[in-house]
Amino acid sequence: MADGNHSGFHGGLSVLLDGRRLSPVQRRIAHYLSENLDEAIFLSSVELAERAGVSQPSVTRFAMVLGFTGYPELRQALRPLVLGGGAEMPQESLLRGAIDCEIRNLALIRERLTAFPLKELGEQLAATEPLPVLGLRVSCGLATTFAYYARRIHPDVRLLTHGGSELADGLHAARRAGAEWLVAVVLPRYPSEAVQALEYAEKLGLRVVAITDKADFPAEVVLDAPVGDRLVFDSHAAPLALAMALVEAIADAAPLRTQARLDEYERMAGETGTFLAGDLP
């Protein structure tokens, strides 16, 4: 976990977790410890595994990830946190810490906005037809949101969220139809199939812009935004904000087309009753 100054974990435990990238299972253990530290320091690894809902080997691996030879050594290191006056953190504080993390992530993106080539990318993506958008597994949600809004202002957006031969077919078809760019959302945990798809896309001659959390991700253009990692599963507020900024850049690159398409969509939505006319009943 990249930021040790979060309120979701006990202060001393936070120091141990600082800089560690934990798996979802390991985060469950960390969350249990943060909320039940006064009890956990007296539990065996088997008992801790049962309480946290994980396997005993997972507890051992968790301790080793933190730099200990095993759970007994970790437990010994944790005891002073309680015996010295440490206190557990309630669930409310854990969630508040996760939200604080996302606020910091969004602030970081705000400070770095001028470093991203959004205007140039918007012009390139607005001009390419079709525009394929790739997102597998957990990245599917953000890719789908990006594609949903991009379709409102771009004439041909093709969403690719299924792997296997269907993914290869989709990339090949998009390139054959004239696509020059591929927008790829690749967030942790990173599917090996997504990386392989990007390699194939480059072989086809597609230029890749990746929305991810790593600045050194292997793509021609990288839009990197940190993910929230304080809960069992990641949250993606900052990558979403960056993706929407890219949609905005595409809209700004072709203002007349954007306005015409938005007007057309609003007429269609009104004629078909797509949305409620007023508030929810």
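These remarks concern the structure in this document.

Calculation rules
- Counting restarts for each chain, with residues numbered from 1 along the sequence as it is written.
- Where totals are concerned, whole chains, interfaces and linings use all residues; where local detail is concerned, this predicted model gives features only for residues with pLDDT of at least 70, and gives and counts side-chain atom pairs only at 80 or more.
- Each side-chain value is worked out from all heavy atoms of the structure, with water and hydrogens disregarded.
- Secondary structure elements follow DSSP: runs of H or I no shorter than four residues count as helices, runs of E no shorter than two count as strands, and numbering proceeds from the N terminus.
- Residue contacts follow a heavy-atom distance rule, with two residues in contact if any of their heavy atoms lie within 4.5 Å.
- By definition here, a salt bridge exists when the distance from a side-chain nitrogen of Lys or Arg to a carboxyl oxygen of Asp or Glu is within 4 Å.
- Only protein chains enter the area calculation, which uses a 1.4 Å probe; residues under 20% of their type maximum are buried, those over 50% are exposed, and those in between are partly exposed.
- Any two strands with at least two DSSP bridges between them are considered paired.
- By definition, the crossover connecting two strands over a helix is right-handed if that path, from the first strand to the second, turns clockwise as seen with the strands pointing away from the viewer.
- With axes taken as lines fitted to C-alpha atoms, and helix axes fitted only over the stretch in contact, angles between N-to-C directions fall between 0 and 180 degrees.
- The directions from the helix axis to the C-beta atoms are what the arc is built from.
- Here a Phe, Tyr or Trp ring, Trp counted by its six-membered ring, pairs with any other such ring whose centre lies within 6.5 Å, and the pair is stacked when the planes are under 30 degrees apart, edge-to-face when over 60, and tilted otherwise.
- Here the angle decides the label: under 35 degrees means roughly parallel, over 145 means roughly antiparallel, 65 to 115 means roughly perpendicular, and every other value means oblique.
- It is the rotation of the near helix from the far one that decides the hand of a crossing: anticlockwise by less than a right angle makes it left-handed, clockwise makes it right-handed.

### Quick look at the environment of Val221
Link 1 in the chain: Assignment of secondary structure puts Val221 in strand 5 (residues 221-224).
Link 2 in the chain: Put simply, Val221 and Leu121 are 100 residues apart on the chain and 8.8 Å apart in space, counted from C-alpha to C-alpha.
Link 3 in the chain: Apart from residues lying up to four places away in sequence, Val221 is in contact with Pro117, Leu121, Trp181, Val208, Val209 and Ala210.

### Some details on the pattern of salt bridges
Link 1 in the chain: Applying the stated criterion to the full structure yields 7 salt bridges.
Link 2 in the chain: In this structure, Asp234 engages Arg27 in a salt bridge whose closest nitrogen and oxygen atoms are separated by 2.7 Å. One end of the pair, Asp234, is in the loop between strand 5 and helix 12 (237-253); the other, Arg27, is in helix 2 (residues 24-35), with 207 residues separating them in the sequence. Each member of the pair Asp234 and Arg27 is classed as buried.
Link 3 in the chain: The residue Glu123 makes a salt bridge to Lys119 at a minimum N-O spacing of 2.8 Å. Here the residue Glu123 and the residue Lys119 both occupy positions in helix 8 (residues 118-127), the gap between them amounting to 4 residues, near one helical turn.

### A look at the pairing of strand 3 (residues 181-186)
Link 1 in the chain: By the criterion of burial, strand 3 is predominantly enclosed, with 6 of the 6 residues buried.
Link 2 in the chain: Going residue by residue along strand 3, you find Trp181, Val183 and Val185 tucked away on one face and Leu182, Ala184 and Val186 tucked away on the opposite face as well.
Link 3 in the chain: Summarising the sheet, strand 1 (residues 131-135) and strand 3 pair through 3 bridges and their orientation is parallel. Residue Leu134 lies in a different strand from strand 3, and its bridge partner there is Ala184.
Link 4 in the chain: Alignment of strand 3 against strand 4 (residues 207-212), held across 6 bridges, turns out to be parallel. Residue pairing for strand 4: Leu182 is matched across the bridge by Val208.
Link 5 in the chain: Considered for its hand, the β-α-β crossover made up of strand 3, helix 11 (residues 192-204) and strand 4 is right-handed.

### Concerning the pairing of strand 1
Link 1 in the chain: When you tally the buried positions in strand 1, you get 5 out of 5 residues, the bulk of the element.
Link 2 in the chain: Pairing between strand 1 and strand 2 (residues 157-160): 4 bridges, direction parallel. Note that in strand 2 the partner of Val133 across the bridge is Leu159.
Link 3 in the chain: Handedness of the crossover is the feature at issue here: the chain leaves strand 1, passes through helix 9 (residues 140-153), returns alongside strand 2, and the resulting connection is right-handed.

### A word on unusual backbone geometry
Link 1 in the chain: A cis amide bond, omega -5°, links Glu129 with the succeeding residue Pro130.
Link 2 in the chain: Mapped onto the elements of the fold, Pro130 is located in the loop between helix 8 and strand 1.
Link 3 in the chain: The peptide bond linking Pro188 to Arg189 adopts the cis configuration, its omega dihedral lying at 0°.

### Observations concerning the sheet that holds strand 4
Hydrogen bonds between backbone atoms are what pair the strands of a sheet, whose relative direction is either parallel or antiparallel.
Link 1 in the chain: Ordered in space as 2-1-3-4-5, the 5 strands form an open sheet in which the pairing is parallel. Here the strands that pair on one side only, and so sit at the sheet edges, are strand 2 and strand 5. Direction aside, neighbouring strands of the sheet carry axes that sit 20° apart on average.
Link 2 in the chain: Against the sheet, helix 8 engages strand 1, strand 3, strand 4 and strand 5, with an angle of about 125° to strand 3.
Link 3 in the chain: With respect to the sheet, helix 9 is in contact with strand 1, strand 2, strand 3 and strand 4, its orientation differing from that of strand 2 by roughly 170°.

### Quick notes on helix 4 (residues 45-52)
Link 1 in the chain: Those residues of helix 4 not exposed but buried are Ser45, Leu48, Ala49 and Ala52. Down the axis of helix 4, the smallest arc covering the buried residues is 100°, so these residues share one side.
Link 2 in the chain: The first or second residue beyond helix 4 is Gly53, which carries a positive phi of 75°.

### Describing the packing of aromatic side chains
Link 1 in the chain: One pass over the full model with this rule turns up 1 aromatic pair.
Link 2 in the chain: Measuring from centroid to centroid gives 5.2 Å for Tyr148 and Tyr149, while their planes differ by 90°, and the two rings are edge-to-face.
Link 3 in the chain: Here Tyr149 falls in the partly exposed class, since its relative accessible area comes to 39%.

### Describing the packing of helix 10 (residues 165-176) against helix 11
Link 1 in the chain: Running from N to C, helix 10 and helix 11 cross one another at 25°; their axes reach a closest spacing of 10 Å. One finds that helix 10 runs roughly parallel with respect to helix 11. As for the relative orientation of helix 10 and helix 11, their crossing is right-handed in sense. In this structure, helix 10 contributes Leu167, Ala168, Leu171, His172 and Arg175 to the contact, and helix 11 contributes Ala197, Tyr200, Ala201 and Leu204.

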